[in-house]
Amino acid sequence: MKKRKLKKNFIVVVFGFFVLFCAIKLFSYFTSLEYKLKKIGYNYQEIKIIENKLDDDMIKTLLNYSYNQNLTSLLQDKNFFLTKFEDYLHYYNDNYKKEYDSKITEIINDQYYKNTNLSRYMKYYEENNDLTSREIVENINCNLDSLYYSTDYDADVSDGYLILVNKYYKLPSDYVPSNLVKIDKKYGYERLIDENAYKAFIDMYNDANNEGLEIFITSPYRSYKYQETLYNNYVTDSGKEKAETFAARAGYSEHQTGLSVDLSAKGSMYTKFEKTEEYKWMLSNSYKYGFILRYPKGKEKQTGYMFEAWHFRFVGKDVAKYIFENSITYDEYYEYFIK
């Protein structure tokens, strides 16, 4: 009798453990990421791809979004970057009904992609699908989805020597830099220039001079009024369309900041600067002193101006070095790193 009771108790204990084990297993399953993915709508095969490609934290992020039929195509794309996962989700969650497009992934993967520009990139891509992903991102970062002079963003004077002035960013007519100094005739025409840019220029001039070269400043700071007169004269002489490839409207000229200089080899016209040894030296060395070639060849659309071998802009050594090493325009640099 005692033996039978022990056996019965043993069966009850074993059964109890079995029920507890099943309950734990069920609880574990119903709280698992796999179950939650299935509940959203992903099937077994999709879940295996997701679990293979994403870590738990990424899957938890994914659970905040509804089912997306393109997700597994994205995860299997050879260009899929884990570091861009949330950026992909922002696009694909809003466009879940569209067929998967690997070029969208390329756009999001671009080094200078900005999530805040997402809708602009995609609209521009729809209208310009012959462009590369790099061209699409670059052009939007340079505001080319708007016509020149159509936005009138206020140039942020608080940016100091990193201020952006172009065909989208405008200075007020009464803006005059507070730290203008007069150029010594040794270095150029006796006009005004930003003090920091001037100090950097003198260092650059001296080092170039030690190599037998002589760089001369022909045009530094220009007032709003002076630029207005200059622009109107160019329009009269060349017509508006041609003039706007090399002349800024008043308020849109970098020269008003005092940070830009037009250069020549001393004794030569600035328009001949490209043919000089001074220009070659500037291309290789100007970044060391904080200057960049502002309107480079091949970037006419992005900057809004023709190639100007003589036009250099002071942006500080760190920024100039980055732009030199990465071959981007200051317009795009500003959009990505400063704005």
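Every value quoted in this text rests on a predicted model; they were computed, and no experiment measured them.

Rules of the game
- Residues numbered from 1 in each chain as written.
- Predicted model: local features only at pLDDT ≥ 70, side-chain atom pairs only at ≥ 80, totals over all residues.
- Heavy atoms only, no water.
- Helix = DSSP H or I, 4+ residues; strand = E, 2+ residues; numbered from the N terminus.
- Buried < 20%, exposed > 50% of the residue type's maximum accessible area, 1.4 Å probe, protein only.
- Contact = heavy atoms within 4.5 Å.
- Areas by Shrake-Rupley, 256 points an atom, 1.4 Å probe, with all protein chains shown as cover.
- Salt bridge = Lys/Arg side-chain N within 4 Å of Asp/Glu carboxyl O.
- Arc of directions from axis to C-beta.
- Phe/Tyr/Trp six-rings, centres within 6.5 Å; stacked < 30°, edge-to-face > 60°.
- Lys NZ or Arg CZ within 6 Å of the ring centre and 35° of its normal.

Examining the overall build of the chain
Part 1 of the reasoning: When its secondary structure is counted, the chain shows 16 helices and eight strands.
Part 2 of the reasoning: Out of the 339 residues belonging to the chain, those deemed buried represent 46%.
Part 3 of the reasoning: Expressed as a percentage of contacts within the chain between residues at least 6 apart in sequence, the contacts between residues at least 24 apart total 63%.
Part 4 of the reasoning: For the chain, the accessible area works out to roughly 18,600 Å², and carbon and sulfur atoms hold 52% of it.

Considerations on the environment of Thr 61
Part 1 of the reasoning: Topologically, Thr 61 is positioned in helix H4 (residues 56-62).
Part 2 of the reasoning: Taking the C-alpha atoms as reference points, Thr 61 and Phe 85, separated by 24 residues in sequence, lie 9.5 Å from one another.
Part 3 of the reasoning: Excluding anything up to four places from it in sequence, Thr 61 contacts Glu 86 and Leu 89.

A look at the pattern of salt bridges
Part 1 of the reasoning: Taken as a whole, this structure holds 19 salt bridges when the rule is applied.
Part 2 of the reasoning: Lys 123 is the partner of Glu 127 in a salt bridge, and the nearest nitrogen-oxygen pair spans 2.8 Å. Of the two residues, Glu 127 and Lys 123 are both situated in helix H8 (residues 118-127); the distance of four residues between them amounts to about one turn of the helix.
Part 3 of the reasoning: Look at Glu 127 and you get exposed, because its relative accessible area is 52%.
Part 4 of the reasoning: Across the pair Arg 134 and Glu 332 runs a salt bridge whose closest N-O atoms are separated by 2.7 Å. Taken together, the positions of Arg 134 in helix H9 (residues 133-141) and Glu 332 in helix H16 (residues 330-338) put the pair 198 residues apart, joining distant regions of the chain.

Topic: helix H15 (residues 317-326)
The α-helix winds at 3.6 residues per turn, so residues separated by three or four positions along the chain end up facing the same way.
Part 1 of the reasoning: Val 319, Ala 320 and Ile 323 are the residues of H15 that are buried. The arc enclosing the buried residues of H15, seen along the axis, measures out at 100°, which places them on a common side. Exposed residues on H15 whose side chains face more than 90 degrees from its buried face are Lys 317 and Asp 318.
Part 2 of the reasoning: Looking at the buried residues of H15, the elements they touch are strand S7 (291-293) and H16.
Part 3 of the reasoning: Just past H15, the residue Ser 327 takes up positive phi, approximately 55°.

Focus: the packing of aromatic side chains
Part 1 of the reasoning: For the coordinates displayed, the defined rule picks out 31 aromatic pairs.
Part 2 of the reasoning: Each ring, one from Phe 80 and one from Phe 85, has its centre 6.5 Å from the other, and the planes form 85°; the classification is edge-to-face. Comparing Phe 80 with Phe 85 shows no difference in burial state: the two are buried.
Part 3 of the reasoning: It is Lys 167 that lies over the ring of Tyr 148; its NZ or CZ is 4.7 Å from the centre.
Part 4 of the reasoning: Over the ring of Tyr 153 we find Lys 339; its NZ or CZ atom is 5.2 Å from the centre of that ring.

What to know about unusual backbone geometry
Part 1 of the reasoning: One non-glycine residue, Asn 143, adopts positive backbone phi at about 70°.
Part 2 of the reasoning: Structurally, Asn 143 is set in the loop between H9 and strand S1 (153-154).
Part 3 of the reasoning: Backbone geometry places Asp 152, a non-glycine residue, at a positive phi of 55°.
Part 4 of the reasoning: Within the secondary structure, Asp 152 is located in the loop between H9 and S1.

Honestly, that's just the spatial picture; any functional story needs more than this.
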